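Per-entry structural report
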Amino acid sequence: MSRHPETDAIRTQTQRTAEKEHSTPLFLTSSFVYDSAEDMAAAFADDTLDVNIYSRFSNPTVDEFISKICVLEKAEDGIATGTGMAAVFATFMTFLSKGDHIISASAVFGSTHTILSKYLPKWGIAYSYFNMNDPASIESLVRPETKMLYVETPSNPGLDIIDISFVSEICKKYNILLVVDNCFATPAIQQPILLGADLVIHSATKFIDGQGRVLGGVVVGRKELIQPLYLFVRNTGPSMSPFNAWVLTKSLETLYVRMDRHAASALKIAEALTNHPAISWVKYPFLSSHPQYEIARRQMSSGGGIVTFELKGGIEAGRKFLNSLRMLSMTNNLGDSRSIASHPASTTHSKLTEAERQGVGITPGLIRISVGLEHPDDILEDISQALI
Ligand SMILES: Cc1ncc(COP(=O)(O)O)c(C=O)c1O
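Residues numbered from 1 in each chain as written. Predicted model: local features only at pLDDT ≥ 70, side-chain atom pairs only at ≥ 80, totals over all residues. Heavy atoms only, no water.

1. Examining the sheet that holds strand β10 (residues 329–330)
Pairing within the open sheet is mixed, and its five strands lie in the order β8-β9-β12-β11-β10. Only two strands of the sheet have a single neighbouring strand rather than two, namely β8 (279–283) and β10. Across four bridges, the pairing between β8 and strand β9 (residues 306–311) is antiparallel. Bridge pairing links Val282 to Phe309 in β9. (Pairing = 2+ DSSP bridges. Helix = DSSP H or I, 4+ residues; strand = E, 2+ residues; numbered from the N terminus.)

Encoded structure:
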């Protein structure tokens, strides 16, 4: 019998040192030493040698974190980066060249949108957006120079969901790399590689850390795809700090129990808010009213920890809601043990025009709740009193 992922998330570990430590050690070192000049020369002569040289290239604590994500995502290999955005950017820079074209869902995280629309064109890389609710339109956007298709599912903050297997069929037909940002689901809920994705990206800053402490990113996939990504990270420097890797690998030990609790509480809250007089709709992947509910049930094992809803009173009601909260934190992070409320239209996305906001699914009264690990009744109580 193969081991369960819950066990792998705990028991995948760097080889124990001579100190016989129980918890995983932290190798907080910038570089590594050699036994001889010949060993040092050999390490530098061959990029593919499995030997630690310098922590920008590799580090045992970072390697443990990568190994765990690979096991959980069913991937052959991976690289870790200082932030989720560094993982996204490194992926674009490694696989896209001048003259290439990328197709992306328009509903992607704000900074990903900025890279696609402001930086890539500067370097002669074109992009096209498609609507997550219209995946049939993807094929008409494919050009001979299309090299990558990029999606987030569920998307941030709109919670749109796309059928990864369906998109993967299109990518296979046209020989396009399929890259999935799996940040909202985590491998505890969804494994895009099993559904045909070539590369999976995470902002480890979110549910993987789970306690809002450190930043981190990771990309996993087939060995032949990770090798050029590794060289990009090794040479350009967006590497993960060993300290952050240690925090994140310890966090992974509790990922499965945390995600179960996040999801159970989120479903309870989503159900309780449905039909609330101050709310026009509630969106959660495992509510049958979600437009892609059937797809969510097929490719996710739970609905995850994020719930969104629309306040009838628009922007003003959103501001008032945030100001009325007593316990939920007003901050733009998500995936924390502490529940968080955000109102994108008056905060993170306030500089966009109304039309631009609508384009990425941000309606005036949209509230995003990252459901934490407090007692669900206490979370609901705070949301309910702020809605009055
Ligand atoms: C879906 C998604 N992808 C990527 C990122 C970027 O990650 P980071 O903030 O770690 O750079 C975020 C951050 O919120 C995110 O929500």
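2. What about helix α14 (residues 376–386)?
Taken together, the buried positions of α14 are Pro376, Ile379, Leu380, Asp382, Ile383, Gln385 and Ala386. In this structure, the buried residues of α14 make contact with α10 (255–273), β9, α12 (314–324) and β12 (366–370). (Buried < 20%, exposed > 50% of the residue type's maximum accessible area, 1.4 Å probe, protein only. Contact = heavy atoms within 4.5 Å.)

3. What about the site of the ligand?
Taken together, the residues surrounding the ligand are Thr83, Gly84, Met85, Phe109, Glu152, Asn156, Asp181, Cys183, Ser203, Thr205, Lys206 and Gly216. In this structure, a nitrogen atom belonging to the ligand sits 2.6 Å away from a side-chain N or O atom of Asp181. The side chain of Lys206 places a nitrogen or oxygen atom 2.9 Å from an oxygen atom of the ligand. Computed on the free molecule, the ligand has an accessible area of 390 Å², of which 92% lies beneath the protein chains in the complex. (Near = heavy atom within 4 Å. Polar contact = N/O pair within 3.5 Å; in protein donor to acceptor, adjacent residues only side chain to side chain. Areas by Shrake-Rupley, 256 points an atom, 1.4 Å probe, with all protein chains shown as cover.)

4. A word on the confidence of the model for the protein chain
Per-residue confidence for the protein chain gives a mean pLDDT of 96; residues scoring 70 or more make up 100%. The least confident element of the protein chain is helix α13 (residues 354–359), whose mean pLDDT is 83; the most confident is strand β7 (residues 217–221), at 99. (pLDDT = per-residue confidence, 0-100.)

5. Looking at the side chain of His262
By the element assignment, His262 lies in helix α10. At 2.6 Å, the side chain of His262 forms a polar contact with the backbone oxygen of Val371. When residues no more than four places from it in sequence are discounted, the contact partners of His262 are Phe207, Gly304, Gly305, Asp336, Val371, Gly372 and Leu373.

6. Notes on the environment of Val247
Mapped onto the secondary structure, Val247 falls in helix α9 (residues 242–252). Along the chain, Val247 and Thr61 lie 186 residues apart, while their C-alpha atoms are 9.7 Å from each other.

7. Remarks on the packing of helix α3 (residues 60–73) against α9
In a packed pair of helices, the relevant descriptors are the angle between the two axes and the axis-to-axis distance. At a minimum axis distance of 8 Å, the contact between α3 and α9 shows a crossing angle of 35°. Between α3 and α9 lies a crossing whose hand is left-handed. When α3 is examined against α9, the residues Thr61, Val62, Glu64, Phe65, Lys68, Ile69 and Leu72 are found in contact with a partner set consisting of Pro242, Ala245, Trp246, Leu248, Thr249 and Leu252. When its residues are assigned to classes, the contact of α3 with α9 shows nine nonpolar, two polar and two charged. (Axes fitted to C-alpha atoms, helices over the stretch in contact; angles between N-to-C directions. Left-handed = near helix turned anticlockwise from the far one by under 90°. Nonpolar A, V, L, I, M, F, W, Y, C, P; charged D, E, K, R; others polar.)

8. A word on the side chain of His101
Take His101: it is sitting in strand β2 (residues 101–105). Looking at His101, its side chain comes within polar contact range of the side chain of Thr146, at 2.7 Å. Ignoring anything within four residues of it in the chain, the contact list for His101 reads Leu96, Ala126, Tyr127, Ser128, Leu141, Arg143, Glu145, Thr146, Lys147 and Met148.

9. Some words on the environment of Ser342
The topology assignment puts Ser342 in strand β11 (residues 340–342). Residues Ser342 and Thr331 lie eleven residues apart in sequence; the distance between their C-alpha atoms is 6.6 Å. Among all residues touching Ser342, those that are not within four sequence positions of it are Leu322, Thr331, Leu366, Ile367 and Arg368.

10. Things to note about the layout of surface pockets
The calculated volume of the largest pocket comes to roughly 730 Å³. Lining the largest pocket we find 32 residues, and of these Asp50, Phe57, Ser58, Asp63 and Tyr230 sit closest to its centre. Secondary structure elements with two or more residues in the lining of the largest pocket: α3, β1 (77–81) and α8 (223–236). If one sorts the elements of the lining of the largest pocket by residue count, α8 sits on top with six residues. Of the residues in the lining of the largest pocket, the class split is 14 nonpolar, nine polar and nine charged. Considering only enclosed or pocket space, the second largest pocket measures out at about 500 Å³ in volume. (1 Å grid on protein atoms, 1.4 Å probe; cavity = no way out; pocket = protein on both sides within 12 Å on 5 of 7 lines; lining within 4 Å. Points joined across faces, edges and corners; volume = space filled by probe spheres on them.)

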